[in-house]
Amino acid sequence: MEETKAKRRLSILCSHLRPLGASDSGHAPTHLISSRISNSDSETENNKKNLHQTDCVFCKIIVNESPSVKLYEDDMCLCILDRNPLSHGHSLIIPKSHFCSLEATPPSVVAAMCSKVPFISSAIMKATDSDSFNFVVNNGASAGQVIFHIHIHIIPRKAHDCLWPSESLRRRRLKLDQDVFKLVDSVREQLSASNNTKIGLTGN
């Protein structure tokens, strides 16, 4: 990969230093330079295609093979209206690369998605005359995930819209008993193990 990049940089440099059609014995002919650049571009396109799944509805939307109502787009993310909205303006922020779950998504991609939430949600709330919104990630089938290409829901809310049945449920105070302390120890243990694994992989 690094060798291909180096060759491409050298080819581009040669094309700038030498007029088109020149054939000095010390340099590659111009038609070979163009061929190398073209092959590199072709490899980049193939790599982009490998980031998508042919049976994923979101991937089809990203490559314009399936219709959608787009609200926002940049190099990393796409925001579309949900096809089955829970409220007027219910939208989805989707990464342009395919990742089936939150834990499979690189931190840089999660950061790119989350960084757009204040900007996009503000626009959606103003457009729908809402004063609030829910920020939701359904991660896994038991949590309600239906399309296994990670995405963020932005759901505009208004007072007394009674969108979630759970909002009418009475919440109970956390009971500091043996089960809770066992849970805390277990979570901390998992976090520590995960952190040590990352340190081992990076060599720091």
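Not measured: the values here are computed from a predicted model. (Residues numbered from 1 in each chain as written. Predicted model: local features only at pLDDT ≥ 70, side-chain atom pairs only at ≥ 80, totals over all residues. Heavy atoms only, no water.)

**Q** Quick question: what am I supposed to make of the pairing of strand E1 (residues 70-73) here?
**A** Regular strands place side chains that alternate from one sheet face to the opposite one. In terms of strand pairing, E1 meets strand E2 (residues 77-81) through 3 bridges, oriented antiparallel. Pairing of Tyr72 across the sheet is with Cys79, part of E2. Counting the residues between successive antiparallel strands, the hairpin from E1 to E2 contains 3 residues. (Pairing = 2+ DSSP bridges. Helix = DSSP H or I, 4+ residues; strand = E, 2+ residues; numbered from the N terminus.)

**Q** Can you walk me through the nonpolar core in this structure?
**A** When a protein is soluble and globular, its nonpolar side chains tend to lie buried together. Residues Cys77, Ile93, Met113, Ile120, Ile152 and Ile154 are the most contacted members of the largest nonpolar core, which totals 13 residues. Residue assignment for this core shows that the elements contributing at least two residues are E2, helix H4 (107-115), helix H5 (117-128) and strand E5 (152-157). Apart from the residues within four sequence positions on either side, Ile120 is in contact with Tyr72, Cys79, Ile93 and Ile154. Counting residues in hydrophobic clusters, the runner-up holds 9 residues, among them Cys56, Ile62, Leu78 and Ile80. (Core = buried A, V, L, I, M, F, W, Y, C linked by side-chain atoms within 4.5 Å. Buried < 20%, exposed > 50% of the residue type's maximum accessible area, 1.4 Å probe, protein only. Contact = heavy atoms within 4.5 Å.)

**Q** Explain the side chain of Ser91 here, please?
**A** Its location among the elements puts Ser91 in strand E3 (residues 91-95). On the accessibility criterion, Ser91 (0% relative accessible area) is buried. In contact with Ser91, not counting residues within four places along its chain, are Leu71, Cys79, Ile80, Leu81, Asp82, Ile124, Ile152, His153 and Ile154.

**Q** Hey, could you run me through the side chain of His151 in this one?
**A** Looking at where His151 falls in the secondary structure, it is placed in the loop between strand E4 (132-136) and E5. Using a relative accessible area of 8% as the deciding quantity, one classes His151 as buried. A distance of 2.7 Å separates the side chain of His151 from the backbone oxygen of His149, its partner in a polar contact. One polar contact links His151 to His153, side chain to side chain, over a distance of 3.4 Å. Not counting residues up to four positions away in its chain, the partners in contact with His151 are Phe58, Leu92, Ile93, Ile94, Met113, Val136 and Val137. (Polar contact = N/O pair within 3.5 Å; in protein donor to acceptor, adjacent residues only side chain to side chain.)

**Q** Even after reading the chapter, I still don't get the pattern of salt bridges, so can you show me in this structure?
**A** Any two side chains of opposite charge can pair, given that their charged atoms come close. The tally for this structure, following the rule as stated, stands at 4 salt bridges. Between Glu73 and Lys70 there is a salt bridge, with the nearest N and O atoms lying 3.8 Å from each other. Under the relative-accessibility criterion, Glu73 is labelled partly exposed at 42%. Of the charged contacts, one joins Lys96 and Glu73 as a salt bridge, the two residues approaching to 2.8 Å between their closest N and O atoms. Placement of the pair is Lys96 in the loop between E3 and H4 and Glu73 in strand E1, with a sequence separation of 23 residues. Here the residues in one salt-bridge network are Lys70, Glu73 and Lys96, joined through shared partners. (Salt bridge = Lys/Arg side-chain N within 4 Å of Asp/Glu carboxyl O.)

**Q** Got a minute to help me understand the confidence of the model for the protein chain in this structure?
**A** Note that predicted coordinates carrying low pLDDT should not be read in detail. Averaged over all residues, the pLDDT of the protein chain equals 79, while 72% of them reach at least 70. With pLDDT under 50 throughout, residues 5-50 is counted as low confidence; its partners more than four residues away or in other chains account for 24 contacts. (pLDDT = per-residue confidence, 0-100.)

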